[in-house]
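# Secondary and tertiary structure notes
Listed here are the chains, written in short residue letters.
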Amino acid sequence: MTTPPPPGLSWRALETRVGLFALPAFHRAFLTWRGVEGTDAMPLRRVQQRVEAELNRLVQAGQATRDGEDWTLVPGTLDTFPAYAALS
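Parameters at a glance
Residues numbered from 1 in each chain as written. Predicted model: local features only at pLDDT ≥ 70, side-chain atom pairs only at ≥ 80, totals over all residues. Heavy atoms only, no water. Helix = DSSP H or I, 4+ residues; strand = E, 2+ residues; numbered from the N terminus. Buried < 20%, exposed > 50% of the residue type's maximum accessible area, 1.4 Å probe, protein only. Contact = heavy atoms within 4.5 Å. Pairing = 2+ DSSP bridges.

Let us now look at the side chain of Gln48. Mapped onto the elements, Gln48 comes out in helix α3 (residues 44–60). Judged by its relative accessible area of 18%, Gln48 falls in the buried class. Non-local contacts of Gln48, meaning those with residues more than four positions away in its chain, are made with Arg12, Glu15 and His27.

Position of Ala13 relative to the elements: it lies in helix α1 (residues 11–18). C-alpha separation for the pair Ala13 and Thr72, spaced 59 residues apart in sequence, amounts to 9.5 Å.

Glancing now at the environment of His27. With respect to the helices and strands, the residue His27 is situated in helix α2 (residues 23–33). On the accessibility criterion, His27 (4% relative accessible area) is buried. Spatially, the C-alpha atom of His27 lies 15 Å from that of Asn56, the residues being 29 residues apart in sequence. Among residues more than four places away in sequence, those in contact with His27 are Trp11, Glu15, Val47, Gln48 and Val51.

In this section: the sheet that holds strand β3 (residues 70–73). Ordered in space as β1-β3-β2, the three strands form an open sheet in which the pairing is antiparallel. Edge positions in the open sheet fall to β1 (9–10) and β2 (64–67), since each of these has one partner strand only. The pairing of β1 with β3 spans two bridges and is classified as antiparallel. Among the inter-strand pairings, Leu9 is bridged to a residue of β3, identified as Leu73.

Such coordinate-based values are descriptive only and should not be taken to indicate function.
Below, the structure is given as structure tokens:
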């Protein structure tokens, strides 16, 4: 018997929904929403590193779990994130 996946939102699945061309702007918006300053001036690689750091902070706060290269966010975690709401 296999264990069902935890309920919640896969970050990697969310990135797939956003799409490759819109992903950099989505990541910068996520960082701004999380309170990271200066995201517009960050090189793209640094943005990706900071996104992963913020996702790990969500894990520490109990708002997400990590499974390899993916994070599963607890339902409701992104409810106040405008760029996420715009995807619906």
